[in-house]
Amino acid sequence: GAGVSQSPSNKVTEKGKDVELRCDPISGHTALYWYRQSLGQGLEFLIYFQGNSAPDKSGLPSDRFSAERTGGSVSTLTIQRTQQEDSAVYLCASSLVAVNNEQFFGPGTRLTVL
Amino acid sequence: QQQVKQSPQSLIVQKGGISIINCAYENTAFDYFPWYQQFPGKGPALLIAIRPDVSEKKEGRFTISFNKSAKQFSLHIMDSQPGDSATYFCAASNQGGKLIFGQGTELSVKP
């Protein structure tokens, strides 16, 4: 079946612009995660959604970052007023349930802020 | 306390050799320890995972050794092949679902 898909695959933007990154999880997966991968910081957790529960936003680096998950499926990560340090690969993952379950990762969106 | 420390940062092994990557953690509430493999341009993919009630888990050429008292776990790749050349990440979680990743090990297997 289809895996986790993300769009766009690459995004180049100018400092100060807003960007939206999209994630389509595996059908039927109730948990959805966003991570960021950068050279200096490795793989960092950003936010996760589990069913109808309030999302765990503890990894968001600043209030410029937000995410939503509509209808328990597709998720959008929004970065407002982008900064050069936001340049990274943003990875989305989904799992059947949240607790200690295999997370399937998408290919990521490479964000470059000029 | 939420950190997972991984070593070495890079590793070169001859074909047929054993690759060993180590991780250490502080948070004793962690109860799930997966290893992920990542190829360039791809997202990480689960390789093998262990829970703290066992000391070892083997799947094919890949083995996780887990030492609960030392708060350490390691990945052993037996008979390493050039196709194993990738970046490997250890991770940990404590029922919350979110994974805390190590810094990664870039493995190169020479033919």
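Figured I'd write up the structure that's included with this text. (Residues numbered from 1 in each chain as written. Chains lettered and ligands numbered in written order. Predicted model: local features only at pLDDT ≥ 70, side-chain atom pairs only at ≥ 80, totals over all residues. Heavy atoms only, no water.)

**Some points on the packing of aromatic side chains**
Here is step 1: Summed over all chains, the structure comprises 18 aromatic pairs over all chains.
Here is step 2: Where Phe105 of chain A meets Phe101 of chain B, the ring centres are 6.3 Å apart and the plane angle is 70°; that geometry is what we call edge-to-face. Taken together, the positions of Phe105 of chain A in strand S9 (residues 104-105) and Phe101 of chain B in strand S10 (residues 100-101) put the pair across two chains.
Here is step 3: A residue is classified by how much of its surface remains accessible, and Phe105 of chain A, at 11% relative accessible area, is buried.
Here is step 4: Under the relative-accessibility criterion, Phe101 of chain B is labelled buried at 5%. (Phe/Tyr/Trp six-rings, centres within 6.5 Å; stacked < 30°, edge-to-face > 60°. Helix = DSSP H or I, 4+ residues; strand = E, 2+ residues; numbered from the N terminus. Buried < 20%, exposed > 50% of the residue type's maximum accessible area, 1.4 Å probe, protein only.)

**Brief notes about the state of the cysteines**
Here is step 1: Per the counting criterion, the structure on display carries 2 disulfides over all chains.
Here is step 2: Paired by a disulfide, Cys23 of chain A and Cys92 of chain A hold their sulfur atoms 1.8 Å apart. Across the S-S bond of Cys23 of chain A and Cys92 of chain A the torsion is about -65°, and the bridge reads as left-handed. Of the two residues, Cys23 of chain A is situated in strand S3 (residues 19-24) and Cys92 of chain A in strand S8 (residues 88-95); the sequence distance between them amounts to 69 residues.
Here is step 3: The exposure class of Cys23 of chain A is buried, given its relative accessible area of 0%.
Here is step 4: Its relative accessible area of 0% is what places Cys92 of chain A among the buried residues.
Here is step 5: Sulfur-sulfur distance for the disulfide between Cys23 of chain B and Cys90 of chain B comes to 1.9 Å. Taking the torsion about the S-S bond as the criterion, the Cys23 of chain B to Cys90 of chain B disulfide, at about -95°, is left-handed. On the criterion of sequence distance, the pair formed by Cys23 of chain B in strand S3 (residues 19-25) and Cys90 of chain B in strand S9 (residues 86-92) is long-range, its members being 67 residues apart. Comparing Cys23 of chain B with Cys90 of chain B, the two get one shared label, buried. (Disulfide = S-S within 2.5 Å.)

**Some words on the interface of chain A and chain B**
Here is step 1: Counting from both sides, the interface comprises 21 residues of chain A and, opposite them, 19 residues of chain B.
Here is step 2: For Asp56 of chain A, the salt bridge is made with Lys98 of chain B, and the minimal N-O distance between the two is 3.7 Å.
Here is step 3: Where chain A packs against chain B, one counts 4 residue pairs in polar contact (both at pLDDT 80 or more).
Here is step 4: At the level of secondary structure, the elements contributing two or more residues to the side of chain A that touches chain B comprise strand S4 (31-38) and strand S5 (42-50) of chain A.
Here is step 5: Here the side of chain A that touches chain B gets 4 residues from one element, more than from any other, and that element is S5 of chain A.
Here is step 6: Split into classes, the residues belonging to the side of chain A that touches chain B amount to 10 nonpolar, 9 polar and 2 charged. (Contact = heavy atoms within 4.5 Å. Salt bridge = Lys/Arg side-chain N within 4 Å of Asp/Glu carboxyl O. Polar contact = N/O pair within 3.5 Å; in protein donor to acceptor, adjacent residues only side chain to side chain. Nonpolar A, V, L, I, M, F, W, Y, C, P; charged D, E, K, R; others polar.)

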